[in-house]
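Breakdown of the fold
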Amino acid sequence: MFWLLVGMPLAWGRFTFTYRATMEACGLTVAPSRVRALMARGVRREVRPAVPKVRRLRFCRVGFTVRLRLPAGLEPADVAAASARLRHAWGVYSVTMVELQPGVIELRMTGYDVLRRVRMPRKVTVSGSLVVPVAVREDGTAFVRDYHKVPHALTLGANQSGKSMYLRNLIAALAGLPVALVGIDCKRGVEQGRFSPRLSALATTPDLALGLLNALVKLMEDRFDVLAEHQVSDMWELPEAVRPVPVVLLVDEVAELFLTTVKKDEERRDQMVTQMVRLAQMARAVGIYLEVCGQRFGSDLGRGATLLRAQLTGRVVHRVNDKQTAEMGLSDISPEATMAATAIAPDCPGTAVAGDASGGWCRIRTPELSLTDATRICRDFAHLTPDVPALAPYRPHLATPLPAAVDVPLSLAKAASAAE
């Protein structure tokens, strides 16, 4: 409330009255064109350097956004490099730059730390059938999971870092969409078992996980036959009448699939890793998407770990216990992103660094969602659970709770036994 009543008017005034001076002080200017210089000399005016032109100024709950048209010779990277100086000059908490189109950028200014107290935006505009909001970005906008742009993702985080909360929010957001949710939770289903009403399949042991992965690979191959029959290269090009339902595979702890304790389990481990790599390489075209989560991910997991990581283009890294895990998740995106992930404080659970193969990254934080609420959401949308025949053997059985035990007198028990 203080920001809306006091902070925003002051920041808007500083921006309005010091815009040109700030741009010149930060070096975000270019020499004027010859025509402009001749016109200025003709009317005996001072020839001043050209600054980005303000196209639109829009206020929001956490700050305001400014759309700028860059003059020829000024790059978006120049504005991004000066974001810290702009933040101090205009008295705002943060300034982030987003390139909208060639020559047009948007400065998003926030008045306070929006990640300290997470509140999802009231209105989230999504474009696509598989786009769901999951967290809040540091500029106050919603961080969305777009499976059309980033089909597979890797989520890392230590204990109590917010990784499970992120996955919980993701499942709750996907529950209301016509999509098949498939879970692999080798911790006997303690994490994903409560979401069974909305899951089309669930594997709770390594043996079941191998069978489920084999079934998914067979499903992928069958869908490729459908694509070949209709002469298309993507599932979304199929007619709606024959288009199969999308499938999202949620792996809770990937290390349980890689690590083995005895030599006889190595063959099963190699088969599971091979099937996961095949899904990550080819399954996007047939609407099968991977969400792989883990506390740690590195080459020490064994063969196939690095190959699998290369296919998981989306990355979300929470607080980790070692720098190597952050590098494994974000080093191929940006060195700055790796440093930001290692700087996450332990008292900020849910805070993470998200990035993708394009090189862009940002800090996000997941809103708190209780396990009870997530379970209720899955039950409310249980009627949307699609029936996938290929995954029917792994459909979780919803057992009804047993009635409370009743103490029966010994004499009655003997009488009933004698009657039998």
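Residues numbered from 1 in each chain as written. Predicted model: local features only at pLDDT ≥ 70, side-chain atom pairs only at ≥ 80, totals over all residues. Heavy atoms only, no water.

1. Some remarks on the overall build of the protein
The helix and strand inventory of the protein stands at 13 helices and 14 strands. Burial analysis of the protein (420 residues in total) assigns 47% to the buried set. Total accessible area on the protein is roughly 21,800 Å²; 54% of this is exposed by carbon and sulfur atoms. (Helix = DSSP H or I, 4+ residues; strand = E, 2+ residues; numbered from the N terminus. Buried < 20%, exposed > 50% of the residue type's maximum accessible area, 1.4 Å probe, protein only. Areas by Shrake-Rupley, 256 points an atom, 1.4 Å probe, with all protein chains shown as cover.)

2. Considerations on the nonpolar core
Membership of the largest hydrophobic core comes to 47 residues, with the highest contact counts inside it found for Ile 184, Leu 212, Leu 249, Leu 279 and Phe 297. Element by element, the count of residues in this core is highest for helix α6 (residues 206–230), at ten residues. Those residues within four positions of Ile 184 in sequence are excluded, and the remaining contacts are Gln 192, Ala 203, Ala 209, Leu 212, Leu 213, Leu 249, Leu 250, Val 251, Asp 252 and Leu 257. Counting 33 residues, the second largest nonpolar core, distinct from the first, contains Val 132, Ala 175, Leu 177 and Ile 377. (Core = buried A, V, L, I, M, F, W, Y, C linked by side-chain atoms within 4.5 Å. Contact = heavy atoms within 4.5 Å.)

3. Let's talk about the packing of α6 against helix α8 (residues 266–282)
Geometry of a packed helix pair, given as the angle between the helix axes and the separation of the axes. Taken N-terminus to C-terminus, the directions of α6 and α8 make an angle of 35°; their axes are 9 Å apart at the nearest point. Judged by the sense of rotation from one axis to the other, the crossing of α6 with α8 is left-handed. Mapping the contact onto sequence places Pro 206, Asp 207, Ala 209, Leu 210, Leu 213, Asn 214, Leu 216, Val 217, Met 220, Glu 221 and Phe 224 in α6 and Arg 268, Gln 271, Met 272, Gln 275, Met 276, Arg 278, Leu 279 and Met 282 in α8. Classifying every residue of the contact of α6 with α8 by side-chain character gives twelve nonpolar, three polar and four charged. (Axes fitted to C-alpha atoms, helices over the stretch in contact; angles between N-to-C directions. Left-handed = near helix turned anticlockwise from the far one by under 90°. Nonpolar A, V, L, I, M, F, W, Y, C, P; charged D, E, K, R; others polar.)

4. Thoughts on a nonpolar patch on the surface
On the surface, a nonpolar cluster with roughly 510 Å² of combined accessible area is contributed by Phe 2, Leu 4, Leu 5, Val 6 and Leu 10. Residue placement: Leu 10 occurs in helix α1 (residues 2–25). (Patch = residues over 30% accessible without salt bridge, like charges linked within 9 Å, V, L, I, M, F, W, Y side chains within 5 Å. Salt bridge = Lys/Arg side-chain N within 4 Å of Asp/Glu carboxyl O.)

5. As for the packing of aromatic side chains
Inspection of every chain in the model, using the stated rule, returns six aromatic pairs. Here the aromatic rings of Phe 15 and Trp 90 are separated by 4.9 Å at their centres, their planes lie at 70°, and the arrangement is edge-to-face. Taken together, the positions of Phe 15 in helix α1 and Trp 90 in helix α4 (residues 83–90) put the pair 75 residues apart, joining distant regions of the chain. As far as burial versus exposure is concerned, Phe 15 and Trp 90 are alike and both buried. Ring geometry for Phe 59 versus Phe 64: centroids 5.8 Å apart, planes at 55°, classification tilted. Taken together, the aromatic side chains of Phe 15, Tyr 19, Phe 59, Phe 64 and Trp 90 make up a single cluster linked through ring pairs. (Phe/Tyr/Trp six-rings, centres within 6.5 Å; stacked < 30°, edge-to-face > 60°.)

6. Focus: the sheet that holds strand β3 (residues 94–101)
Spatially, β1-β2-β4-β3 is the arrangement adopted by the four strands of the open sheet, whose pairing is antiparallel. Strands at the two margins of the open sheet, each flanked by one partner only, are β1 (53–59) and β3. Between one strand and the next, the sheet's axes are offset by a mean angle of 20°, whatever the strand orientation. Here β3 runs beside strand β4 (residues 104–110); their pairing, made up of seven bridges, is antiparallel. Along β4, the bridge assignment pairs Ser 94 with Thr 110. Its contacts with the sheet put α4 on β3 and β4, and the angle it makes with β3 is roughly 125°. (Pairing = 2+ DSSP bridges.)

7. Quick look at helix α11 (residues 335–342)
Those residues of α11 not exposed but buried are Ala 337, Thr 338, Ala 340 and Ala 341. Viewed along the axis of α11, the buried residues span an arc of 160°, placing them on a single side of the element. Of the exposed residues in α11, those oriented more than 90 degrees away from the buried face are Pro 335 and Met 339. Of the surrounding secondary structure, the elements contacted by the buried residues of α11 are β12 (314–317), α10 (323–330), β13 (351–355) and β14 (361–365). (Arc of directions from axis to C-beta.)

8. Examining the sheet that holds strand β5 (residues 131–137)
Strands sit in the order β6-β5-β14-β13-β12-β7-β11-β10-β8-β9 across an open sheet of ten strands; the sheet is mixed. Every interior strand has two partners, whereas the edge strands, β6 (142–146) and β9 (199–203), have only one. Going from strand to strand, the sheet's axes swing by 25° on average, the running direction of each strand aside. As judged from the two bridges shared by β5 and β14, these two strands associate in the antiparallel manner. Bridge pairing in β14 places Arg 137 opposite Ile 364. Against the sheet, α8 engages β10 (247–251) and β11 (288–294), with an angle of about 130° to β11. Lying on the sheet, α10 is in contact with β7 (153–156), β12 and β13; it crosses β12 at an angle near 155°.

9. Thoughts on unusual backbone geometry
In this structure, Arg 188 is a non-glycine residue whose phi angle is positive, near 60°. Following the sequence through the fold, Arg 188 ends up in the loop between β8 (180–184) and β9. We note that Gln 231 has phi near 60°; this positive angle belongs to a residue other than glycine. With respect to the element layout, Gln 231 can be found in the loop between α6 and β10. Look at Gln 231 and you get exposed, because its relative accessible area is 71%.

10. With respect to the side chain of Thr 155
Mapped onto the elements of the fold, Thr 155 is located in strand β7. With sequence-adjacent residues up to four places away left out, Thr 155 is seen in contact with Lys 163, Tyr 166, Glu 291, Val 292, Cys 293, Gly 294, Val 316 and His 318.

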